[in-house]
Amino acid sequence: MARHYSVYDVFTDRKLAGNPLAVIFDGEGLSDEAMQAIARELNLSETVFVQTAANPTHAAKLRIFTPGRELPFAGHPTVGTAIALAERSYDGSNGGLDLVSVLEENVGPVRCAVRIRDGEASFAEFDLPRTSQQVQLPLDRQGLADALSVKVSDIGFENHVPAVWSAGVPFLLLPLHNLAAVETLEFDPQLWERTAPFSNGALASAYVYCRGGVHHAAKFHARMFGSGMGISEDPATGSAVAALSGAIHLFDGLPDGHHPVLIEQGVEMGRPSFIHLHIDVKDGEISRARIGGQAVRIATGMLDL
């Protein structure tokens, strides 16, 4: 069977940057094993299989696979697929399109808003389906430092300390003292696997970050290493930013109000990505958080499967 697909670069407004995503539009009738094999064959950070939604008012159901395993939720597949589906339906009239849709993911329904404008990279953002929660697990700072090839004294800044957080996918968030430490670290997957904790039956991936960034507007600079997902390093990780929202709220003591945060990632890989995080705080708690970014299509084709 011929299955249509597109490849999008996500969290960027230019081609060959950001995080590439494969969207398989004809995802029906494939077994879990077949979807995993296709994701492994394409070997991108994630491959999405679009299926018919259980709720007829929703746009689609998404199955999200890394080369190593299925994920219940992920940010760049949500943004990229929302844009891909909207662009497929856009007829080019009226200079653009604004729409709101719901995508069914294994974590639950995810509400997305998409903006298409002629001559511009399309933009999408989604409400986090779950609020980020800290997972209390013991951590070996020396072991973590060794896995990153940094000093123990490099770990942490201001009130930020290492901790496991999850908004659907767990990450071990590792704050480092400054940009130089993040840029020059050397990740050792074998040491990481010996040291990092498991959460929800999976090895927690490393999300390393510091305050500031290469781009003047970035409030945080980050790198993500997901050896347990089959990803050596990821250019942009929306689910990690979703987890980071809880850490930012706690460690920075965000007051009530709206807080926009721009996070850059993928710079060291030559694929700069920019992830927009918005946190709304009410009565001292996160009342709403959303993640957004742009995406551009770079390829279309057919899978003969």
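Caption draft 1: Representation of the overall build of the protein chain in the model. A tally of regular secondary structure across the protein chain gives six helices and 19 strands. Relative to a compact globule of 305 residues, whose C-alpha radius of gyration would be 19 Å, the protein chain shows 19 Å and is just as compact. Referenced to the eigenvectors of the C-alpha coordinate spread, the extents of the protein chain come out at roughly 55 × 40 × 35 Å. Taking all 305 residues of the protein chain together, 56% fall into the buried category. With 23 positive and 36 negative side-chain charges, the protein chain shows a spacing of 2 Å between the two charge centroids.

Caption draft 2: Structural context of the packing of aromatic side chains. The full count for this structure, using the stated rule, is eight aromatic pairs. Between Phe49 and Phe65, the aromatic rings sit 5.8 Å apart at their centres with planes inclined by 85°, giving edge-to-face as the arrangement. Of the two residues, Phe49 sits in strand 3 (residues 46-51) while Phe65 sits in strand 4 (residues 60-65), which places them 16 residues apart along the sequence. There is no split in this pair, since Phe49 and Phe65 are both buried. Following the ring pairs from residue to residue traces out a cluster consisting of Phe157, Tyr209 and Phe220. Sitting over the ring of Phe25, Arg88 keeps its end group 3.9 Å from the ring centre.

Caption draft 3: Layout of the pattern of salt bridges. Per the counting criterion, the structure on display carries 13 salt bridges. A salt bridge links Glu158 to Arg211; the shortest N-O distance between them is 2.5 Å. Highlighted residues: Glu158 in the loop between helix 3 (141-148) and strand 10 (163-166) and Arg211 in strand 14 (residues 205-211), separated in sequence by 53 residues. Among the residues examined, Glu158 registers a relative accessible area of 61% and is labelled exposed. Judged by relative accessible area, which is 34%, Arg211 ranks as partly exposed. Overlapping salt bridges bring together Asp32, Arg63 and Glu70 as one network.

Caption draft 4: How the structure looks around the side chain of Asn19. Along the chain, Asn19 falls in strand 2 (residues 19-24). Among residues more than four places away in sequence, those in contact with Asn19 are Tyr8, Asp9, Val10, Ser45, Glu46, His76, Asp234, Pro235, Ala236 and Ser273.

Caption draft 5: Region of the structure containing the environment of Val241. Inspection of the secondary structure assignment puts Val241 in helix 6 (residues 238-251). Between the C-alpha atoms of Val241 and Pro109, which are 132 residues apart in sequence, the distance is 19 Å. With residues up to four places along the chain from it excluded, the contact list for Val241 reads Tyr207, Ile263, Ile275, Leu277 and Ile291.

Caption draft 6: Representation of the layout of surface pockets in the model. As a volume, the largest pocket reaches approximately 160 Å³. Lining the largest pocket are Thr131, Ser132, Gln133, Gln134, Trp165, Gly246, His249, Leu250, Glu285 and Ile286. When contributions to the lining of the largest pocket are tallied by element, the ones reaching two or more residues are strand 9 (133-135), helix 6 and strand 19 (285-304). When residues of the lining of the largest pocket are assigned to their parent elements, the largest contribution, three residues, is made by helix 6. Here the lining of the largest pocket is composed, by residue class, of three nonpolar, six polar and one charged.

Caption draft 7: Looking closely at the nonpolar core. The biggest cluster of nonpolar side chains holds 63 residues, and the ones touching the most others in it are Phe171, Tyr207, Tyr209, Ile263 and Ile291. No other element matches helix 6, which puts eight residues into this core. Counting residues in hydrophobic clusters, the runner-up holds 22 residues, among them Ala145, Leu148, Val150 and Val182.

Caption draft 8: Just the pairing of strand 11 (residues 170-175), in detail. Judged by how many residues are buried, strand 11 sits mostly within the fold: six of six residues are covered. Neither face of strand 11 is left uncovered, since the one carrying Pro170, Leu172 and Leu174 and the one carrying Phe171, Leu173 and Pro175 both have all their residues buried. Pairing geometry for strand 10 and strand 11, over four bridges, is antiparallel. Within the sheet, the bridge partner assigned to Trp165 lies in strand 11 and is Phe171. Taken together, strand 10 and the strand that follows it, strand 11, pair antiparallel across an intervening segment of three residues, in which Gly168 is found at a positive phi of about 135°.

Caption draft 9: Spatial organisation of the pairing of strand 14. Of all the seven residues making up strand 14, six are buried; the element is thus mostly covered by neighbouring parts of the structure. Relative to strand 14, strand 11 runs parallel, the two being bridged by five bridges. Looking at the pairing, Leu173 lines up with Tyr207 of strand 14.

Caption draft 10: Main features of helix 2 (residues 75-89). Helix length check: helix 2 (15 residues) gives 22 Å between terminal C-alpha atoms against 21 Å at 1.5 Å per residue, within 8%. In terms of burial, helix 2 is largely enclosed, as eleven of its 15 residues are buried. Buried within helix 2 we find Gly75, His76, Pro77, Thr78, Val79, Gly80, Thr81, Ala82, Ile83, Ala84 and Ala86.

Each value, and the rule that gives it
Residues numbered from 1 in each chain as written. Predicted model: local features only at pLDDT ≥ 70, side-chain atom pairs only at ≥ 80, totals over all residues. Heavy atoms only, no water. Helix = DSSP H or I, 4+ residues; strand = E, 2+ residues; numbered from the N terminus. Rg over C-alpha atoms; globule rule 2.2 N^0.38 Å. Buried < 20%, exposed > 50% of the residue type's maximum accessible area, 1.4 Å probe, protein only. Lys, Arg positive; Asp, Glu negative; His and termini not counted. Charge placed at Lys NZ, Arg CZ, Asp CG, Glu CD. Phe/Tyr/Trp six-rings, centres within 6.5 Å; stacked < 30°, edge-to-face > 60°. Lys NZ or Arg CZ within 6 Å of the ring centre and 35° of its normal. Salt bridge = Lys/Arg side-chain N within 4 Å of Asp/Glu carboxyl O. Contact = heavy atoms within 4.5 Å. 1 Å grid on protein atoms, 1.4 Å probe; cavity = no way out; pocket = protein on both sides within 12 Å on 5 of 7 lines; lining within 4 Å. Points joined across faces, edges and corners; volume = space filled by probe spheres on them. Nonpolar A, V, L, I, M, F, W, Y, C, P; charged D, E, K, R; others polar. Core = buried A, V, L, I, M, F, W, Y, C linked by side-chain atoms within 4.5 Å. Pairing = 2+ DSSP bridges. Expected span 1.5 Å × (residues − 1).

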